[in-house]
Amino acid sequence: MGRFKIISIVIFVLCIASKADAQSDAQFSQYWELPSYYNPGAAGTSDLLNIHAATRQQWVGMPGAPKTFTIMGDMPFTLFKQQHGVGAIISTEKIGLFSNTSLGLQYSFKVKLLGGQLGLGLQIGF
């Protein structure tokens, strides 16, 4: 009976934990234009300095409607004959009474793989 009770508690906790949401990403209609917003491994993918700005306004005209503004930049660099990428994101979001501003710094390590390039990324922010 003790084993059944422990298994029941573990299953219950897993079901509750699967419903928990700590944060949400803005849903941009042109998400393909902002690859490093969703994946820090995409920072420094091209050979150029990339600067992107995006805005989202949902339910325009309604009080408390969600509004998001994001500006981001990333660029590649070479160090010790190895490709890397760095980037930065500043995002502000307002939904109803709540307002949130965040800053994120990204790093991407590039690895040649099967004729292409794999970007292993890390993002820290506050």
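Details of the structure are given in the entry above.
Bear in mind that the values here come from a model prediction, so they are computed numbers and not experimental data.

If you tally the helices and strands in the protein, you get 2 helices and 5 strands. Ordered by position from the N terminus, the helices and strands of the protein form the series α-α-β-β-β-β-β. Residues classed as buried in the protein amount to 24% of the 126 residues present. The contacts of the protein with a sequence gap of at least 6 include a subset with a gap of at least 24, amounting to 40%. For the protein, the accessible surface area stands at approximately 9,700 Å², while carbon and sulfur atoms represent 66% of it.

Tallying each qualifying case throughout the model produces 1 salt bridge. Residue Arg-56 pairs with Glu-93 through a salt bridge whose shortest N-O separation is 3.4 Å. Of the two residues, Arg-56 is situated in strand S1 (residues 50–57) and Glu-93 in strand S3 (residues 82–95); the sequence distance between them amounts to 37 residues. Taking relative accessible area as the criterion, Glu-93 reaches 18% and is therefore assigned buried.

Taken as a whole, the second largest pocket spans an internal volume of roughly 150 Å³. What lines the second largest pocket is simply Gln-27, Phe-28, Ser-29, Gln-30, Glu-33, Leu-34, His-52, Ala-53, Ala-54, Thr-55 and Arg-56. Of the residues in the lining of the second largest pocket, the class split is 4 nonpolar, 5 polar and 2 charged.

The rules behind each value
- Residues numbered from 1 in each chain as written.
- Predicted model: local features only at pLDDT ≥ 70, side-chain atom pairs only at ≥ 80, totals over all residues.
- Heavy atoms only, no water.
- Helix = DSSP H or I, 4+ residues; strand = E, 2+ residues; numbered from the N terminus.
- Buried < 20%, exposed > 50% of the residue type's maximum accessible area, 1.4 Å probe, protein only.
- Contact = heavy atoms within 4.5 Å.
- Areas by Shrake-Rupley, 256 points an atom, 1.4 Å probe, with all protein chains shown as cover.
- Salt bridge = Lys/Arg side-chain N within 4 Å of Asp/Glu carboxyl O.
- 1 Å grid on protein atoms, 1.4 Å probe; cavity = no way out; pocket = protein on both sides within 12 Å on 5 of 7 lines; lining within 4 Å.
- Points joined across faces, edges and corners; volume = space filled by probe spheres on them.
- Nonpolar A, V, L, I, M, F, W, Y, C, P; charged D, E, K, R; others polar.

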